[in-house]
Amino acid sequence: MTGLLLNIIIMIAFIVYGIALWQGKGASLLSGYNTMPIEKKMRINERALCKFMAKVMFALSFCVGLFAVSELLEEDVYFIVGLTLFLLVLAFTLLYVNTGNRFKK
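Worth saying up front: this structure is predicted, and the values here are computed from it rather than measured.

Draft legend 1. Quick peek at the environment of Ile 80. For Ile 80, the location among the structural elements is in helix α4 (residues 76-98). Classification of Ile 80 as exposed rests on a relative accessible area of 52%. Here the alpha-carbon distance between Ile 80 and Leu 6, two residues 74 residues apart in the chain, equals 18 Å.

Structure (structure tokens):
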């Protein structure tokens, strides 16, 4: 039961942060972006980066939701699907953000 509660708390936290990013706030909490020099930050479209990362947070919250469903129904298949999707979303995000100049002004 503790695992279910923990998964729900994490899912809610991801959703709340996703909403903040969707509104264009919270970019200072994005790892890598917050440590950039001001000159580099000026060349980044912060709004587009926030929108993209909000979508990522919503996708990850769905995956964590599958973890919670797995705990609730005591079925491992939901956890396996959620973990697979979680890793795929992370891999896609890393590739998408680090290739091309998608978030340049």
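Draft legend 2. Layout of the nonpolar core. In this structure, Leu 21, Leu 30, Tyr 33, Leu 49, Met 53 and Val 56 are the most contacted members of the largest nonpolar core, which totals 20 residues. Listing elements by their share of this core, those giving two or more residues are α1 (2-22), α3 (46-73) and α4. With eleven residues, α3 is the single largest residue contributor to this core.

Draft legend 3. The arrangement of a negative patch on the surface in detail. A cluster of like negative charges, contributed by Glu 71, Glu 74, Glu 75 and Asp 76, occupies part of the molecular surface. For Glu 71, the location among the structural elements is in helix α3. Assessed through its relative accessible area of 40%, Glu 71 is described here as partly exposed.

Draft legend 4. Quick look at the side chain of Ser 70. Considering the arrangement of structural elements, one finds Ser 70 in helix α3. Assessed through its relative accessible area of 8%, Ser 70 is described here as buried. Here Ser 70 is in contact with Glu 75, Asp 76, Tyr 78 and Phe 79, once residues within four sequence places are set aside.

About the thresholds
- Residues numbered from 1 in each chain as written.
- Predicted model: local features only at pLDDT ≥ 70, side-chain atom pairs only at ≥ 80, totals over all residues.
- Heavy atoms only, no water.
- Helix = DSSP H or I, 4+ residues; strand = E, 2+ residues; numbered from the N terminus.
- Buried < 20%, exposed > 50% of the residue type's maximum accessible area, 1.4 Å probe, protein only.
- Core = buried A, V, L, I, M, F, W, Y, C linked by side-chain atoms within 4.5 Å.
- Patch = residues over 30% accessible without salt bridge, like charges linked within 9 Å, V, L, I, M, F, W, Y side chains within 5 Å.
- Areas by Shrake-Rupley, 256 points an atom, 1.4 Å probe, with all protein chains shown as cover.
- Salt bridge = Lys/Arg side-chain N within 4 Å of Asp/Glu carboxyl O.
- Lys, Arg positive; Asp, Glu negative; His and termini not counted.
- Charge placed at Lys NZ, Arg CZ, Asp CG, Glu CD.
- Contact = heavy atoms within 4.5 Å.

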